[in-house]
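What the coordinates show
Now for the letters of each chain:
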Amino acid sequence: SGIFLKHILILCVSFRWIVDMEGATGTLYEGEKFQLLFKFSSRYPFDSPQVMFTGENIPVHPHVYSNGHICLSILTEDWSPALSVQSVCLSIISMLSSCKEKRRPPDNSFYVRTCNKNPKKTKWWYHDDTC
């Protein structure tokens, strides 16, 4: 519940999904609406999709940059072809739900100014499992 597929755009070598999400009941994000952009390459599911928040409401979270990039290991080095769009969405909802304080990552300003548009090209450093 709380996850809705808004529309699909199919291209020749890749395709995009926009997934509407809503913050889980009883969390800091309860009632908030978000959009996730999934970009799939022709190598999906063997290659992870590019996943990022998009739209007007990017959640304020220690692992979500203000440009929508998400620091979550299953989106890069811990990707498995067994993961589905639904399981990725559930992982992101779980990440948001466990948050105790709404704040941006400490390096948000620098990262947003210097990063690649594709979050998969970032060499993430997964060092914090807490919020």
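Let me sum up the structure you'll find in this document. All figures in this text were calculated on a predicted structure; none of them were measured in a lab. (Residues numbered from 1 in each chain as written. Predicted model: local features only at pLDDT ≥ 70, side-chain atom pairs only at ≥ 80, totals over all residues. Heavy atoms only, no water.)

**Structural notes on unusual backbone geometry**
- In this structure, P45 follows Y44 across a cis peptide bond, with omega equal to 15 degrees.
- Residue placement: P45 occurs in the loop between β3 (33-40) and β4 (50-54). (Helix = DSSP H or I, 4+ residues; strand = E, 2+ residues; numbered from the N terminus.)

**A word on the pairing of β4**
- Counted residue by residue, β4 has 4 buried out of 5 residues, so it is predominantly covered.
- Pairing of β3 with β4, which is carried by 5 bridges, proceeds in the antiparallel orientation. Within the sheet, the bridge partner assigned to F38 lies in β4 and is V51. (Buried < 20%, exposed > 50% of the residue type's maximum accessible area, 1.4 Å probe, protein only. Pairing = 2+ DSSP bridges.)

**A few points about the pattern of salt bridges**
- Applying the stated rule across the entire model yields 5 salt bridges.
- With its nearest N and O atoms 2.3 Å apart, the salt bridge here joins E32 to K102. Here E32 is found in the loop between β2 (15-22) and β3, whereas its partner K102 is found in the loop between α1 (85-97) and α2 (108-114), with 70 residues between them in sequence.
- Of the residues examined, K102 reaches a relative accessible area of 37% and is grouped as partly exposed.
- One salt bridge in this structure joins E77 and K123, with 4.0 Å as the shortest N-O distance. Linking E77 in the loop between β4 and α1 with K123 in the segment after α2, this pair joins segments that are 46 residues apart in sequence.
- E77 gets classed as exposed once you look at its relative accessible area, which sits at 53%. (Salt bridge = Lys/Arg side-chain N within 4 Å of Asp/Glu carboxyl O.)

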